[in-house]
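Residue-level structure breakdown
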Amino acid sequence: MTPLRITNRDARQLWLAAQGLATAPTGALDLLGTIKELGFVQLDSIQVVSRAHHHILWSRNQNYREPMLDRLLAKDRAVFEHFTHDASVLPMEFLPMWERQFRRKRIEMSRAGWWKNLPDEAAREEIKARIRDEGALSTHAFDTKVEGPKEMWSRPPHKLALDFMWYTGELATCHRVNFNKYYDLGERVFPALPHECGLEDGAQVDWLCRAALDRMGFGAPGDVQRYWDAVGSDEVRQWITQNERDLVPVEVETASGDWVKGMALADIEARLAGLGKATGRLRILNPFDPVIRDRNRLARLFGFEYRVEMFVPAAKRIWGYYVFPILEGDRFVGRIEIKADRKASFLNVIGFWPELGVKWPGSRREKLAAELERMRRFIGVETVKWTV
């Protein structure tokens with residue numbers, strides 16, 4: 001089959017539409033629907049402005065407020081927490097398609113070197129017994145200590161045990177308090193334990209690959225594998241071979257004018273025909289936004305080179321500790337470093353860099369000011385200050 005060619009402009013528009021960023025972030029909020037459309041939302045503890053998961057959801061609909069996600073998790077049990085490429089929240093209805101990921105993590109964690117101090121099964125059962133008797137507990141309910149030299153990622157034995165059982169589905173996140181995770185027995189949180197869901201392995205792989213392509217619009221095998229990070233590269237290649245007749249080969253134009261091969265689902269031509277122009281709304285995106293996360297795809301489609309620098313020594317940073325990309329329409333026009341001072345009640349702009357070759361007339365600066373004002377209201381501070 002002759003590959004379907006997708007221009008760079010259409011590719012950018014399609015990717016943004018699939019990720020909920022092609023339309024203005026207004027209108028009625030369907031929070032669970034948004035999470036289903038994305039597939040997952042990455043969790044992160046850093047709160048420079050708003051934690052990543054809250055910011056990602058707010059970017060799709062600015063009627064979102066932070067307590068809403070907590071209710072979906074703790075009261076409605078409409079979502080659960082587990083590991084994609086990182087800790088994330090997923091729709092509870094995806095649990096049957098996630099069973100193999102619990103198995104994969106058990107194998108991975110059982111052989112990972114930094115789990116060498118993992119308490120044995122008897123000790124883990126003691127922790128589970130406490131949770132069974134006392135109810136959901138956080139790591140602060142236990143008092144084991146790190147033995148030997150403390151390193152950045154050192155964890156006390158009880159924390160290793162809690163996380164191991166969380167990865168394997170024996171425990172689940174019940175709720176959070178100030179982002180502290182409370183662990184409960186899996187059977188108290190999940191409608192059925194993962195291993196009881198009954199969906200065979202091949203069906204799970206098929207769903208994961210199709211769902212990834214659906215949420216990307218198009219992609220190479222590596223894109224599909226990285227989307228959930230819940231299937232291996234060999235499994236993706238095997239799935240492609242088994243489903244060649246159902247997939248449409250594509251060639252996608254990059255930001256530099258090259259053409260790269262990929263694939264799409266059978267509805268790709270209809271999706272391209274239905275594309276509208278991306279909203280001209282300017283948005284400040286979170287560094288962990290799913291549109292940003294795959295740096296290779298980001299650079300390929302938008303010509304936008306980006307990295308997270310919070311773990312880079314200050315002297316070696318190109319931009320800053322926590323720098324937010326600025327999206328306008330279907331291109332990235334700059335980056336900005338902002339920080340909330342909640343005690344003094346202001347949002348502080350401490351760095352601003354227009355993208356090379358992008359002009360910033362008064363109209364664009366007004367859009368940025370409007371977005372900063374919306375963000376100020378979202379996090380509940382009184383003013384925006386520029387100290388750059």
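Residues numbered from 1 in each chain as written. Predicted model: local features only at pLDDT ≥ 70, side-chain atom pairs only at ≥ 80, totals over all residues. Heavy atoms only, no water.

Looking at the pattern of salt bridges
Working definition: two side chains of opposite charge can pair if their charged atoms are close together. With the rule as written, the count across this model stands at 31 salt bridges. In this structure, Arg176 engages Glu81 in a salt bridge whose closest nitrogen and oxygen atoms are separated by 2.9 Å. Here the residue Arg176 occupies a position in strand β6 (residues 171–177), and Glu81 occupies one in strand β3 (residues 79–83), the gap between them amounting to 95 residues. Linked by salt bridges that have partners in common, Glu99, Arg100, Arg103, Asp201 and Glu235 make up one network. (Salt bridge = Lys/Arg side-chain N within 4 Å of Asp/Glu carboxyl O. Helix = DSSP H or I, 4+ residues; strand = E, 2+ residues; numbered from the N terminus.)

Focus on the sheet that holds strand β9 (residues 259–264)
Spatially, β1-β8-β9 is the arrangement adopted by the three strands of the open sheet, whose pairing is mixed. The open sheet has two edge strands, β1 (4–6) and β9, and neither has a second partner. Taking each pair of neighbouring strands and ignoring which way they run, the sheet shows an average axis angle of 35°. In terms of strand pairing, β1 meets strand β8 (residues 248–253) through three bridges, oriented parallel. Paired with Arg5 across the bridge in β8 is Glu251. (Pairing = 2+ DSSP bridges. Axes fitted to C-alpha atoms, helices over the stretch in contact; angles between N-to-C directions.)

What about the side chain of Lys159?
Residue position: Lys159 is located in helix α7 (residues 157–168). With relative accessibility at 17%, the residue Lys159 sits in the buried group. In contact with Lys159, other than residues within four places in its own chain, are Thr139 and Tyr183. (Buried < 20%, exposed > 50% of the residue type's maximum accessible area, 1.4 Å probe, protein only. Contact = heavy atoms within 4.5 Å.)

Examining the packing of helix α9 (residues 201–216) against helix α10 (residues 221–228)
At a closest axis distance of 9 Å, the pairing of α9 and α10 adopts a crossing angle of 105°. Considering the angle they form, α9 stands roughly perpendicular to α10. Across from Trp207, Leu208, Cys209, Ala211, Ala212, Leu213, Arg215 and Met216 in α9, the residues of α10 making contact are Asp223, Val224, Tyr227 and Trp228. The residue inventory of the contact of α9 with α10, partitioned by class, reads 10 nonpolar, no polar and two charged. (Parallel < 35°, antiparallel > 145°, perpendicular 65-115°, else oblique. Nonpolar A, V, L, I, M, F, W, Y, C, P; charged D, E, K, R; others polar.)

Take it as geometry only, folks, not as evidence of what the structure does.
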